[in-house]
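Here is what each chain is made of, one letter per residue.
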Amino acid sequence: MIAFIKGILDTVLEDRIYVDNRGVGFEIFVPGSVFDELPPAGNEVKIYTYMHVREELMQLYGFLTRDELEMFKLLITVNGVGPKGALGVLTVMDVDALRMAIISGDAKAISKAPGIGGKTASKVILELKDKCNLEDIFDSAENSGGETVSAPSTDGDKAIQKEAIEALTALGYSASEATTAVRKVKDKNGMSVEELLKQSLKQM
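Residues numbered from 1 in each chain as written. Predicted model: local features only at pLDDT ≥ 70, side-chain atom pairs only at ≥ 80, totals over all residues. Heavy atoms only, no water.

**Student:** For this particular structure, what's the right way to read the layout of surface pockets?
**Tutor:** Regions of empty space are outlined by a rolling probe, equal in size to a water molecule, passed over the atoms. For the second largest pocket, the calculated volume is near 190 Å³. Contributing to the lining of the second largest pocket are Glu-14, Asp-15, Phe-29, Val-30, Pro-31, Gly-32, Phe-35, Lys-84, Leu-87, Gly-88, Thr-91 and Pro-114. For the lining of the second largest pocket, the secondary structure elements donating two or more residues are α1 (32-35) and α3 (83-92). The greatest single-element share of the lining of the second largest pocket, amounting to four residues, is contributed by α3. (1 Å grid on protein atoms, 1.4 Å probe; cavity = no way out; pocket = protein on both sides within 12 Å on 5 of 7 lines; lining within 4 Å. Points joined across faces, edges and corners; volume = space filled by probe spheres on them. Helix = DSSP H or I, 4+ residues; strand = E, 2+ residues; numbered from the N terminus.)

Next up, the structure:
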């Protein structure tokens, strides 16, 4: 099993990249979200990988974070979701938005992925709901470096964030939109539900 590949980004194509590792070129299929984060060709990259083996076919699928890789591995355990379908899901929504969609039962958001219909999206929710929780969302937000927080969230802060997300979904926003908006609010720890909701709405 190849856990990750570190090398020089050689080529970027529509759905895959080639990474040169000491003269060996690895073809790696990636979700669309990866392309926005890649450095220019000729620079070093580190890609976390999953090797898919089927009959005589071997393909590598790659991600920039372990969190994305682990979610990909969960998705392909769902009957009817293959590696390409899982890549499609992670192309239209990030890992935390997907977690929130699963937790809230938002099949519509998941079914926006190419090759994933409403029935398959419902299967994803049914089979993965027990494997996703809001704690994962808030913890990954703090560890991602993508937002500014004054201190790690307490249980009280997380409860307030959960309430704000639920309030936004009650207002008609999708679970993924609500989660993304709450995560974008800076210095959210210590805010009341009302203040966090007000600041989240400004992110919409």
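Structure shown, so let's carry the discussion forward.
**Student:** Honestly, the packing of aromatic side chains in this entry has me stumped. Any pointers?
**Tutor:** Geometry of an aromatic ring pair is reported as the spacing of the ring centres plus the angle between the planes. If you walk through the whole model with that rule in mind, you get five aromatic pairs. Centre to centre, the rings of Phe-29 and Tyr-61 are 5.6 Å apart; their planes meet at 35 degrees, and the pair counts as tilted. Of this pair, Phe-29 sits in strand β3 (residues 24-29) while Tyr-61 sits in strand β5 (residues 57-63), and the two are 32 residues apart along the sequence. Judged by relative accessible area, which is 8%, Phe-29 ranks as buried. Among the aromatic side chains, those forming a connected cluster through ring pairs are Phe-29, Tyr-50, Tyr-61, Phe-63 and Phe-72. Note that Lys-46 overlies the ring of Phe-4, its terminal NZ or CZ placed 4.3 Å from the centroid. (Phe/Tyr/Trp six-rings, centres within 6.5 Å; stacked < 30°, edge-to-face > 60°. Buried < 20%, exposed > 50% of the residue type's maximum accessible area, 1.4 Å probe, protein only. Lys NZ or Arg CZ within 6 Å of the ring centre and 35° of its normal.)

**Student:** Can you walk me through empty space enclosed by the protein in this structure?
**Tutor:** If you walk through the whole model with that rule in mind, you get two cavities of 30 Å³ or more. Taken as a whole, the second largest cavity holds about 30 Å³ of empty space. What lines the second largest cavity is Asp-157, Ile-160, Gln-161, Lys-188, Asn-189, Gly-190, Met-191 and Leu-196. The greatest single-element share of the lining of the second largest cavity, amounting to three residues, is contributed by helix α8 (residues 155-170). Its residues placed into classes, the lining of the second largest cavity shows three nonpolar, three polar and two charged. (Nonpolar A, V, L, I, M, F, W, Y, C, P; charged D, E, K, R; others polar.)

**Student:** Help me understand the pairing of β3 in this model?
**Tutor:** On a regular strand, each side chain points to the face opposite its neighbour's, so the side chains alternate between the two faces of the sheet. Pairing analysis gives six bridges linking strand β2 (residues 16-21) to β3, with the strands arranged antiparallel. Looking at β3, one finds that Arg-16 is bridged to Phe-29. Linking two consecutive strands that pair antiparallel, namely β2 and β3, is a turn of two residues; a positive phi of about 55 degrees is found at Arg-22 within it. Sheet topology note: the β3/β5 ladder contains two bridges and is parallel. Its bridge partner being in β5, Phe-29 is matched across the sheet by Tyr-61. (Pairing = 2+ DSSP bridges.)

**Student:** Looking at this structure, I do not really get the nonpolar core. What am I missing?
**Tutor:** Among soluble globular proteins, nonpolar side chains are generally buried collectively. Residues Phe-72, Leu-75, Leu-90, Met-93, Leu-98, Ile-110 and Val-124 are the most contacted members of the largest nonpolar core, which totals 31 residues. Listed by contribution, the elements that provide at least two residues to this core are β4 (44-54), β5, α2 (66-75), α3, α4 (95-104), α5 (107-110) and α6 (118-128). Looking at this core, the element that brings in the most residues is α4, giving five residues. Filtering out sequence-adjacent residues up to four positions away, Met-93 remains in contact with Leu-98, Ala-101, Ala-109, Ile-110 and Ser-176. Counting 12 residues, the second largest nonpolar core, distinct from the first, contains Met-100, Ile-165, Ala-178 and Leu-196. (Core = buried A, V, L, I, M, F, W, Y, C linked by side-chain atoms within 4.5 Å. Contact = heavy atoms within 4.5 Å.)

**Student:** Would you mind going over the sheet that holds strand β1 (residues 4-12) with me for this structure?
**Tutor:** Sheet strands associate in pairs through backbone hydrogen bonding, adopting either a parallel or an antiparallel arrangement. One closed barrel accounts for five strands, arranged β1-β2-β3-β5-β4; its pairing is mixed. On average, each strand axis in the sheet is tilted by 55 degrees relative to the strand beside it, whichever way the strands run. Packed on one face of the sheet, α3 meets β3, β4 and β5 and runs near 15 degrees to β5. (Axes fitted to C-alpha atoms, helices over the stretch in contact; angles between N-to-C directions.)

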